[in-house]
Amino acid sequence: NCSSSPSNVGSKSKAPVGIITFNQWLKLTKKIEAEDHEFDIHNIKQIFLYSKPTIRNIYGGSDHVYYSQGLTFIDFMEALGRLSDCKTYPTKAYLKDILGLKTYAEYRKQLRSGILLNPCPTRKSREWGEIKTVSLSWKLDCLLTDFKQLSRKAGNKAKSSKQN
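Just so you know, these numbers come straight off a predicted model, no measurement behind them.

What counts, and where the lines are drawn
- Residues numbered from 1 in each chain as written.
- Predicted model: local features only at pLDDT ≥ 70, side-chain atom pairs only at ≥ 80, totals over all residues.
- Heavy atoms only, no water.
- Helix = DSSP H or I, 4+ residues; strand = E, 2+ residues; numbered from the N terminus.
- Buried < 20%, exposed > 50% of the residue type's maximum accessible area, 1.4 Å probe, protein only.
- Contact = heavy atoms within 4.5 Å.
- Core = buried A, V, L, I, M, F, W, Y, C linked by side-chain atoms within 4.5 Å.
- pLDDT = per-residue confidence, 0-100.
- Arc of directions from axis to C-beta.

1. Considering the overall build of the protein chain
Now for step 1: Helix and strand content of the protein chain: six helices and two strands.
Now for step 2: Its helices and strands in sequence order give the protein chain the pattern α-α-β-β-α-α-α-α, from N to C terminus.
Now for step 3: A buried classification covers 31% of the 164 residues belonging to the protein chain.
Now for step 4: Partitioning the intrachain contacts of the protein chain with sequence separation of at least 6 by distance along the chain shows that 60% fall at a separation of at least 24.

If you want it as structure tokens, here you go:
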């Protein structure tokens, strides 16, 4: 029972906190993985594992570490931050000064339509251990824009298949 977990403290409901499983995480990130030339399943697994709380078995004779079964809402928020930090996103300066675009949504639209032939160059700061050069808030904004466009695209496909 997850009723005593930190994300459920103070709640009158004793129902378990919603959990996102690894398979659900894979389904959510599948399209993102396919669109980024530098992003792969290894990144997705690492993000999921690093976002899960660990529990050390203090009663056992050895140092066993157990991972929780999935991501709670708070863990999911951490996973989104890690995902956006791991992806390759253009900086605001790159969009404005190099491409002459105002928003990331415009960049994605031009990239998908074929107007832009190459995605933004990969920055060294994208790697796990490097100093970050782009703010996390900008990266999260870009990631949410990606999810919004992908869900819209999936919704349009579902509508067209129902009509046929």
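2. A short note on the nonpolar core
Note that soluble globular proteins tend to have their nonpolar side chains buried in a common cluster.
Now for step 1: Judged by nonpolar contacts, the single largest core of 25 residues is most densely connected at Trp 25, Phe 39, Ile 47, Leu 83, Tyr 104, Tyr 107 and Leu 143.
Now for step 2: Secondary structure elements with two or more residues in this core: helix H1 (22-35), helix H2 (41-51), helix H3 (73-86), helix H5 (104-113) and helix H6 (136-163).

3. Let's talk about H2
Residues three or four positions apart in an α-helix share a direction because the helix packs 3.6 residues into each turn.
Now for step 1: Among all positions in H2, only Asn 43, Ile 44, Gln 46, Ile 47, Phe 48 and Ser 51 are buried.
Now for step 2: Next to the buried residues of H2 lie H1 and H3.

4. Re the confidence of the model for the protein chain
Low pLDDT marks stretches whose predicted atomic positions should not be read closely.
Now for step 1: Per-residue confidence for the protein chain gives a mean pLDDT of 76; residues scoring 70 or more make up 66%.
Now for step 2: Averaged pLDDT values over the elements of the protein chain bottom out at 61 in strand E2 (residues 65-67) and peak at 89 in H3.
Now for step 3: Every residue in residues 1-11 is under pLDDT 50, and counting partners more than four places away or in other chains gives 15 contacts.

5. A few points about H5
Now for step 1: Regarding H5, the residues found buried are Tyr 104, Tyr 107 and Arg 108. The buried side chains of H5 occupy one side of the element, clustering within an arc of 95 degrees when seen end-on. Seen from the buried face of H5, the exposed residues on the opposite side, beyond 90 degrees, are Lys 109 and Ser 113.
Now for step 2: Of the residues trailing H5, Gly 114 is marked for its positive phi of about 95 degrees.

6. Looking at the side chain of Thr 29
Now for step 1: Structurally, Thr 29 can be placed in helix H1.
Now for step 2: Residue class for Thr 29 comes out buried when judged on its relative accessible area of 0%.
Now for step 3: Among residues more than four places away in sequence, those in contact with Thr 29 are Ile 44 and Leu 83.

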